[in-house]
Amino acid sequence: MKRNYKITEEQASFGTTYKVEMRDEYGCERIVYERTKELATERIYDFWEETKERKKLNDSLSNCLSEMYKNNR
């Protein structure tokens, strides 16, 4: 998969917000809302910088749950 993002400006009762839809190369997706385009851009880079750590944690959790399931059979 390819990394991808989309920033959409939205009007809310309290003002303008920016919806940020992000995906990393492993297919993990996240949607957040930020008050400015600058914060939206920072959020994307932070999300991508955390990709390897997030993948490692997800794999660890998956392995743990798999072992628990095998041991309970």
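Position numbers for residues count from 1 along each chain, tracking the sequence in the order it is written. The predicted origin of the model limits local features to residues at a pLDDT of at least 70 and limits the giving and counting of side-chain atom pairs to 80 or more, whereas totals for whole chains, interfaces and linings rest on all residues. Think of the side-chain values as coming from all heavy atoms in the structure, minus any hydrogens and water.

With respect to the overall build of the protein chain
Working step 1: If you tally the helices and strands in the protein chain, you get 2 helices and 3 strands.
Working step 2: By the criteria applied, helices consist of DSSP H or I runs no shorter than four residues and strands consist of E runs no shorter than two, each listed in order from the N terminus. Reading the protein chain from its N terminus to its C terminus gives the helix and strand order β-β-β-α-α.
Working step 3: For a compact globule the rule gives 2.2 Å times the number of residues to the power 0.38, and the radius of gyration it is set against comes from C-alpha atoms. By the compact-globule yardstick of 11 Å for 73 residues, the protein chain is too spread out, its C-alpha radius of gyration being 17 Å.
Working step 4: The principal-axis extent of the C-alpha atoms belonging to the protein chain is close to 55 × 25 × 15 Å.
Working step 5: In this scheme, a residue with accessible area under 20% of its type's maximum is buried, one over 50% is exposed, and one in between is partly exposed, where area comes from a 1.4 Å probe on protein chains only. Evaluated residue by residue, the protein chain yields a buried proportion of 19% over its 73 residues.
Working step 6: The contact rule is simple, with two residues in contact once any of their heavy atoms fall within 4.5 Å. For the protein chain, the share of sequence-separated contacts (at least 6 apart) that also reach a separation of at least 24 residues comes to 28%.

Brief notes about the packing of aromatic side chains
Working step 1: In summary, the pairing rule links any two rings of Phe, Tyr or Trp, Trp by its six-membered ring, whose centres are within 6.5 Å, and it sorts them by plane angle into stacked for under 30 degrees, edge-to-face for over 60 and tilted for everything else. In total, this model carries 2 aromatic pairs according to the counting rule given.
Working step 2: Ring plane angle 90° and centroid distance 6.2 Å describe the contact between Tyr-45 and Trp-48, whose orientation is recorded as edge-to-face. Residue Tyr-45 and its partner Trp-48 are both found in helix α1 (residues 37–49); the two are separated by 3 residues, about one turn of the helix.
Working step 3: By relative accessible area, which is 15% here, Trp-48 ends up buried.
Working step 4: Through pairs of rings, three or more aromatic residues link up here, namely Tyr-5, Tyr-45 and Trp-48.
Working step 5: Its guanidinium or amino end placed over the ring of Phe-47, Arg-54 lies 4.0 Å from that ring's centre, counting from NZ or CZ. Charge-over-ring contacts are defined here by two conditions on Lys NZ or Arg CZ: a distance within 6 Å of the ring centre and an angle within 35 degrees of the ring normal.

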